[in-house]
Amino acid sequence: MREVFSMNVQLILAFGAGFELPIVVYFIALTGIATPKTLLRGTKYGVLASFVVGAVLTPTPDIVTQALLAGPLSLLYLLGVGAAYLFAPRRKKEAEEGAL
């Protein structure tokens, strides 16, 4: 019983942390650490990182559980990049208008 509870808590925490990924990616683009274009070019590294994180955070060593965590993480990364694309041009236009 204790093992089942521990595994459920670990999975809930892993998925909870994973759902913060779009916010982190958006703020990386918003602060200017990386542009949305750079983040989109790095998608293959983002997918690789999501599988590594999925392998580390899942409590069981099987590939199915890892893929069940890595798939949504990859989609959430792309969602964050999409949000950065939507809001980064507005910020760029504001900076150009402020320079005039």
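Residues numbered from 1 in each chain as written. Predicted model: local features only at pLDDT ≥ 70, side-chain atom pairs only at ≥ 80, totals over all residues. Heavy atoms only, no water.

**Student:** Please provide a residue-by-residue account of the overall build of the chain, values included.
**Tutor:** Assigned secondary structure in the chain consists of five helices and zero strands. Taken from the N to the C terminus, the helices and strands of the chain come in the order α-α-α-α-α. Per-residue burial for the chain yields a buried fraction of 25% across its 100 residues. Residue pairs in contact within the chain that sit at least 24 positions apart in sequence constitute 69% of those at least 6 positions apart. Surface exposure of the chain reaches about 7100 Å², of which carbon and sulfur atoms provide 73%. (Helix = DSSP H or I, 4+ residues; strand = E, 2+ residues; numbered from the N terminus. Buried < 20%, exposed > 50% of the residue type's maximum accessible area, 1.4 Å probe, protein only. Contact = heavy atoms within 4.5 Å. Areas by Shrake-Rupley, 256 points an atom, 1.4 Å probe, with all protein chains shown as cover.)

**Student:** Which residues make up the confidence of the model for the chain, and what values go with them?
**Tutor:** Looking at the chain, pLDDT values average 83 and 88% of them are 70 or higher. When pLDDT is averaged over each helix and strand of the chain, the minimum, 80, is found for helix H5 (residues 63-99) and the maximum, 90, for helix H3 (residues 36-41). (pLDDT = per-residue confidence, 0-100.)

**Student:** How would you sum up a nonpolar patch on the surface? Please name residues and give values.
**Tutor:** Taken together, the side chains of Leu48, Val52, Val53, Val56 and Leu57 present a nonpolar region at the surface, about 430 Å² in accessible area. Exposure remark for leucine 57: the relative accessible area of 35% places this residue in the partly exposed category. (Patch = residues over 30% accessible without salt bridge, like charges linked within 9 Å, V, L, I, M, F, W, Y side chains within 5 Å. Salt bridge = Lys/Arg side-chain N within 4 Å of Asp/Glu carboxyl O.)

**Student:** Tell me about the packing of aromatic side chains, and please be specific about residues and values.
**Tutor:** Ring pairs (aromatic) are described by centroid distance and by the angle formed between their planes. Following the criterion strictly, the structure yields two aromatic pairs and no others. Relative to phenylalanine 87, the ring of tyrosine 26 lies with its centre 5.8 Å away and its plane at 80°, an arrangement referred to as edge-to-face. Of this pair, tyrosine 26 sits in helix H2 (residues 21-31) while phenylalanine 87 sits in helix H5, and the two are 61 residues apart along the sequence. Owing to a relative accessible area of 37%, phenylalanine 87 belongs among the partly exposed residues under this scheme. Every member of this aromatic cluster is reached through a ring pair, and the members are Tyr26, Phe27 and Phe87. (Phe/Tyr/Trp six-rings, centres within 6.5 Å; stacked < 30°, edge-to-face > 60°.)

**Student:** Explain H2 to me, and be specific about the residues and the numbers.
**Tutor:** Every buried residue of H2 is accounted for by Pro22, Val25 and Ala29. Here the buried residues of H2 occupy an arc of 70° about the axis, which is enough to place them on one side. The positive-phi residue at the C-terminal boundary of H2 is glycine 32, with phi of around 90°. (Arc of directions from axis to C-beta.)

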